Amino acid sequence: MSLLEIAGLRGGYAAADEIVKGADLSVAHGEIVALIGPNGAGKSTLLKLVAGLLKPSGGDVRFKGRDIAGQSAPAISRQGLSFVPQERNVFGAMSVAENLVMGGYIDGGHTRQRIADLYERFPMLGEKRRAAARTLSGGQRQILAMAIALMNAPDLLLLDEPTAGLSPRAAEELFGTIVGLNRSGVAILMVEQNALEALSVSARGYVLVQGRPEREGRAAELAADPTVRDLFLGGKSQPMLGDNGERSHRGMGGST
C-alpha cells in the first residue's frame, strides 16, 4: 500500500474554477516524487487540495490508508502530512526559535526535544536561533520553513517550489537538504519548476498538464524522454541518473 494515493482528484479555488481535473498520483513510503509541468498546470493547487488548504470537488485522497479528502489542514497535519508553501512560509518578525515553537503547536508535548533535534540536524538554525526570520538568506529561510513543517514529525512532506528565487548554488544546497531529509525516512512530494534537478533527486515523476498527469514514470526515464525534455525542460542536456534516481554528479541542470 502506498503512503499517499490520489484518484480522480478535482478542485480549485472556487466551485466554478476547477484547476485540477481528475488527477491520479501516488507516493510510496520513503520515496521522493517530483511533480513537474508548465505554469498554470495546477501543480500547487494539487498540493493544497491534498494538504487540506482547499476542499476537493471530487475524487479520493488516501493517506496511510485513510480517506483525508476534505479534512481540515490541522486534522491532516496531525496524521503525519506537512505542507511547505512557496511563499509566506515563515514568520518574518519572529525569531528562528519562535518560528519552530509555532510549528510545534499541534503536538506541543514534543516541542522542546524536536527543536533540539532540528538544531542538531541544521546547525545554522541553532546558530541563528535568536535572529529574526526576515534576516535569513533565501536558502536559510527555506530550511527554516522545512524545519517548521518537521516539528510535526511528518511521514510525508509536500514541498511547493522550494528553490523558487534561489541562486543556483543555494538551490543545489537545498536539494541536498531535501535528499538528506528523505534518507532520514521522510517521503517527499515536490512541485518544482527546476525540473531537471527535481528529477535528478527523485525516484519517480509526474508531468501535469491542464490539471491532469499526462506522463508518469521513473525520474530517469522522464528526464531522458525527448517530448518531456523539449516541452518542459527546455531541451537541455540531462544529468546522468542511476537506477535509484540519484545524480551521478552535483551540477545544476538549469537555473531557478
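What you are looking at is a predicted structure, and each value in this text was computed from that prediction instead of being measured.

Q: Which residues make up the overall build of the chain, and what values go with them?
A: Helix and strand counts for the chain stand at 10 helices and 10 strands. Counting over 256 residues, the chain shows a buried share of 51%. With the model as given, the accessible surface of the chain reaches about 11,600 Å², and the carbon-plus-sulfur share is 48%.

Q: Tell me about the sheet that holds strand 8 (residues 187-191), and please be specific about residues and values.
A: One open sheet accounts for 6 strands, arranged 6-7-8-3-9-10; its pairing is mixed. Sheet topology places strand 6 (81-84) and strand 10 (212-218) at the edges, where each strand pairs with a single neighbour. On average, adjacent strands in this sheet sit at an angle of 15° to one another, irrespective of strand direction. Here strand 3 (residues 32-36) pairs with strand 8 via 4 bridges, running parallel. Note that in strand 8 the partner of Ile 32 across the bridge is Ile 188.

Q: Please provide a residue-by-residue account of the pattern of salt bridges, values included.
A: Side chains that carry opposite charge are capable of pairing whenever their charged atoms lie near each other. Summed over all chains, the structure comprises 5 salt bridges. The shortest N-O distance in the salt bridge between Glu 173 and Arg 169 comes to 3.5 Å. With a gap of 4 residues between them, Glu 173 and Arg 169 both fall in helix 7 (residues 168-183), about one helical turn apart.

Q: Can you tell me about the packing of helix 3 (residues 96-103) against helix 4 (residues 111-121), naming the residues and giving the values?
A: Contact geometry for helix 3 and helix 4: axes closest at 10 Å, N-to-C directions at 130°. Between helix 3 and helix 4, the crossing angle belongs to the class labelled oblique. For helix 3 against helix 4, the interelement crossing comes out right-handed. Facing helix 3, whose interface residues are Ala 97, Leu 100 and Val 101, helix 4 presents Thr 111, Ile 115, Leu 118 and Tyr 119. Residue classes in the contact of helix 3 with helix 4 are distributed as 6 nonpolar, 1 polar and no charged.

Reading the values: the criteria
- Residues numbered from 1 in each chain as written.
- Predicted model: local features only at pLDDT ≥ 70, side-chain atom pairs only at ≥ 80, totals over all residues.
- Heavy atoms only, no water.
- Helix = DSSP H or I, 4+ residues; strand = E, 2+ residues; numbered from the N terminus.
- Buried < 20%, exposed > 50% of the residue type's maximum accessible area, 1.4 Å probe, protein only.
- Areas by Shrake-Rupley, 256 points an atom, 1.4 Å probe, with all protein chains shown as cover.
- Pairing = 2+ DSSP bridges.
- Axes fitted to C-alpha atoms, helices over the stretch in contact; angles between N-to-C directions.
- Salt bridge = Lys/Arg side-chain N within 4 Å of Asp/Glu carboxyl O.
- Parallel < 35°, antiparallel > 145°, perpendicular 65-115°, else oblique.
- Left-handed = near helix turned anticlockwise from the far one by under 90°.
- Contact = heavy atoms within 4.5 Å.
- Nonpolar A, V, L, I, M, F, W, Y, C, P; charged D, E, K, R; others polar.

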